[in-house]
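Coordinate analysis (summary)
Below, each chain spelled out in residue letters.
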Amino acid sequence: MDDDAEIIAEFLVESHENLDQLDRDLVALEQDPGSRDLLSSIFRTIHTIKGTSGFLALGRLEQLTHVGENLLSKLRDGEMLLTRELTGTLLVMVDAVRALLAVIEETGGDADTTVDIVSVMDALTAAMEAPAEPAQAPASAAPAQVAAPVAPIEPAVLTEPAQSDAPAVPVQPTAPANETPDDEPRRGVADSSVRVDVDLLDDLVQLVGELVLTRNQILQRTEGREDVELLRAAQRLDLVASELQEGIMATRMQPIGQVWSKMPRIVRDLANQLGREVDLDMQGHDTELDRSLLEALRDPLTHLVRNALDHGIQTPAERIAQGKPAKGNLHLKASHESGQVVVEISDDGRGIDPVKIAEAAVRRGVITHEAAARMDPREIVNLVFHAGFSTAEAVTNVSGRGVGMDVVRTNIERIGGTVDITTRKGEGTTVRVRIPLTLAIIPALIVAQADERYAIPQANLVELVKIEGEALTRDIEHLAGAPVLRLRGHLLPLVSLGVVLGEEQAQSDALTVIVVQADDIRFGLCVDDVHDTQEIVVKPIGRQLKSLGMYAGATIMGDGRVSLILDVPGLARDRNLTAVPTAVVATQTATDDTTALLVMEISSGRRAAVPIVEVSRLEEFDAAQVEPSGLEEVVQYRDGILPLIRLASTIGLPETPGEPSRLNVVVHEFGDPASPHRVGIVIDRVLDVVETTVTRSDVGRRPGVFGSAVVQERVTDLVDLSAVINRIGVGA
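Reading guide: rules and limits
- Residues numbered from 1 in each chain as written.
- Predicted model: local features only at pLDDT ≥ 70, side-chain atom pairs only at ≥ 80, totals over all residues.
- Heavy atoms only, no water.
- Helix = DSSP H or I, 4+ residues; strand = E, 2+ residues; numbered from the N terminus.
- Buried < 20%, exposed > 50% of the residue type's maximum accessible area, 1.4 Å probe, protein only.
- Areas by Shrake-Rupley, 256 points an atom, 1.4 Å probe, with all protein chains shown as cover.
- Patch = residues over 30% accessible without salt bridge, like charges linked within 9 Å, V, L, I, M, F, W, Y side chains within 5 Å.
- Salt bridge = Lys/Arg side-chain N within 4 Å of Asp/Glu carboxyl O.
- Expected span 1.5 Å × (residues − 1).
- Arc of directions from axis to C-beta.
- pLDDT = per-residue confidence, 0-100.
- Contact = heavy atoms within 4.5 Å.
- Polar contact = N/O pair within 3.5 Å; in protein donor to acceptor, adjacent residues only side chain to side chain.
- Axes fitted to C-alpha atoms, helices over the stretch in contact; angles between N-to-C directions.
- Parallel < 35°, antiparallel > 145°, perpendicular 65-115°, else oblique.
- Left-handed = near helix turned anticlockwise from the far one by under 90°.
- Nonpolar A, V, L, I, M, F, W, Y, C, P; charged D, E, K, R; others polar.

What follows concerns the overall build of the protein. Helix and strand counts for the protein stand at 21 helices and 29 strands. Within the protein, the proportion of its 732 residues that are buried is 45%. Taken as a whole, the protein presents about 37,700 Å² of accessible surface, with 51% of it coming from carbon and sulfur.

Right, let's talk about a nonpolar patch on the surface for a bit. Together, V194, V196, L200, L204 and L207 make up an exposed nonpolar region whose accessible area comes to about 460 Å². Here V196 shows up in the loop between α5 (118–129) and α6 (198–222). Classification of V196 by relative accessible area gives partly exposed; the value is 40%.

What follows concerns helix α9 (residues 263–274). The terminal C-alpha atoms of α9 lie 16 Å apart, and with 12 residues this matches the ideal 16 Å at 1.5 Å per residue to within 8%. Taken residue by residue, α9 has M263, V267, L270 and A271 as its buried positions. Projected down its long axis, α9 carries its buried residues within an arc of 105 degrees, all on one side. Residues of α9 that are exposed and angled more than 90 degrees away from the buried face: R265, R268 and N272. The first or second residue beyond α9 is G275, which carries a positive phi of 75 degrees.

Examined against the element boundaries, Q449 turns out to sit in strand β8 (residues 441–449). By relative accessible area, which is 5% here, Q449 ends up buried.

On average, residues of the protein score 78 in pLDDT, and 83% of them are at 70 or above. At the low end of the mean pLDDT range in the protein sits helix α19 (residues 582–585), at 41; at the high end sits helix α11 (residues 316–321), at 91. Here residues 134–182 is modelled with pLDDT under 50, and outside its nearest four sequence neighbours on either side it reaches 69 contacts, counting other chains as well. Across residues 581–592 the pLDDT falls below 50, and counting only partners more than four positions away or on other chains, this stretch makes 12 contacts in the model.

Turning next to the side chain of R319. With respect to the helices and strands, R319 occurs in helix α11. Engagement of the side chain of R319 in a polar contact is seen with the side chain of D348, the distance being 2.9 Å. Not counting the four nearest positions on each side in its chain, R319 is found in contact with I313, Q314, K324, P325, A326, K327, G328, D348 and G349.

Here α9 crosses helix α10 (residues 291–312) at 30 degrees, and the two axes come no closer than 10 Å. Comparing the axis directions of α9 and α10 gives the class roughly parallel. Taken as a pair, α9 and α10 cross one another with a handedness that is right-handed. For the pair α9 and α10, the contacting residues are M263, I266, V267, L270, A271 and L274 in the first and L301, T302, V305, R306, L309 and D310 in the second. Counted by class, the contact of α9 with α10 contains nine nonpolar, one polar and two charged residues.

Right, dumping it as structure tokens:
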């Protein structure tokens, strides 16, 4: 639905509701002609419809309501007194308005002349022009005492004018032109929606959250049971609870256009105030997110837009002197990406000068000269998020007090989001905000440390790595006393969750590393154990833990125990981790002639491998989540549909007998990196990630398989994912 159609739909819903109230008010006014409250209410309703119809270029509706408004104005000003005949005339007008609304809903406009408004306007005009006694007083304003003759009232919709002496003939709305008696009754726009109190929606979300928790408990308690009926009932509960959760969450989703609708006015006023000329371009109005997040995003977005005009876009004279057009560009864009909403605020202004930022930071005592000398430009630019930091020379009512960007980041992170700045001096700045779709129920990975379990939001997960044996000494090094993992030619900082929690560092013959990312900071979180992924209900943490920035909330697990939700950006801050450009950490092993492979088991113990760079993610799905779509198997995944490919049968091997309750899936992305296609490769299980020199043999070469190689002393098929995808034809 485009913007105009959406506005018209909202207009129709509101107008139908107002007309229903108008019917009741007119009938009540007939009984109490002196009620100014009722008259004022009726007048406002017709005035609103007239004004909006004029805005939407609905000329005939505007003409009709304008004449009706004139009559109501005379009644409101006491120039006329409402009689039974006048009430009938006004009700005919209301019915004619209702008929026009039906035509607008059917055709998108009111040009269809099957609704005759001329006779209705004539009746209204005749009623106004007829001699009438002014109202004396409400107490004496009984209709019977008013002798003013009123022209006979014609029906409102007159494709064939009917004669009737009755003063108030009920008007039948005109049927849409293409409707036939045999057509199925069609539900109108006013009947297709209901207004629901926000508090009621919040209560429903809370109840669904409790239902999800109960479902998780039941699923956990039915694991390993042999009662088939109980298992079926649990699976059915799982399915229904998931669908109910999606439905309820959908009712809270609202387009970001509600926030952006105020931006043109803000930009216009601020540009005039600051002497700027700005072209505002907005994309992605329909991008939806939870209403609570939308409200939380409103102020940070407004501040970022104000910052772009005040600090980014130059005055016309400055821009012309720099060879730029006098009018600057401000671009707002919203989109869905990997289960998150990404909002970008870009300008083509002066950009951020790291030198000036560093000078201001030193001058204000934020950092020392020595610290500034050690920081790279990106770290320096991020100082704008420091509380109290400002480069403004003077404090104005727009900026300069240093309370802005730190509040923006704090508010964004409070709703589980991140904010990132990309800038180039003299060319402009882009602020990129990432926020989750909803905060109420999120997918998370459950991990264990000591005897406690913790949840990590799936949005922060990159991959899981198991290091054991010789790899512990080969791949883990220490730089300046801090452990790092050499992972596919890059150094990854390691953070032990146990150490963060105050435990003693213990030696182990294996290390489980969860690679997580927040903003542009990626690090490995070492934990004792990894459980499964679950949809968790986010609960606020108590006051006692609010000062600990590494927790984002709490949730209740299936066994009734409370688990804390880890805040990945908070952990990074707690450990003083900073972003390190990939190019800087590339090590010499990148030049080695080795390939990192994901080794998998398929077809009852056969081995297959794919380059790890072709693996986007590893996922697990319940078998019950698999749905048919045509001849394909699919699952719902990250607000989209993920087609599945059974790898064994696709490359000419028999599938492993039996259907597992959970599917191991390798997610592969291909195509345009900005909007990639995804497919899920179904395997039996992941065996290992190895980095080895691959000597390929043509033995075993066939469609979907390059050939084979000896990997970990076992013959392994080397899978050609492109051929596998082309062979099935999914995602094309």
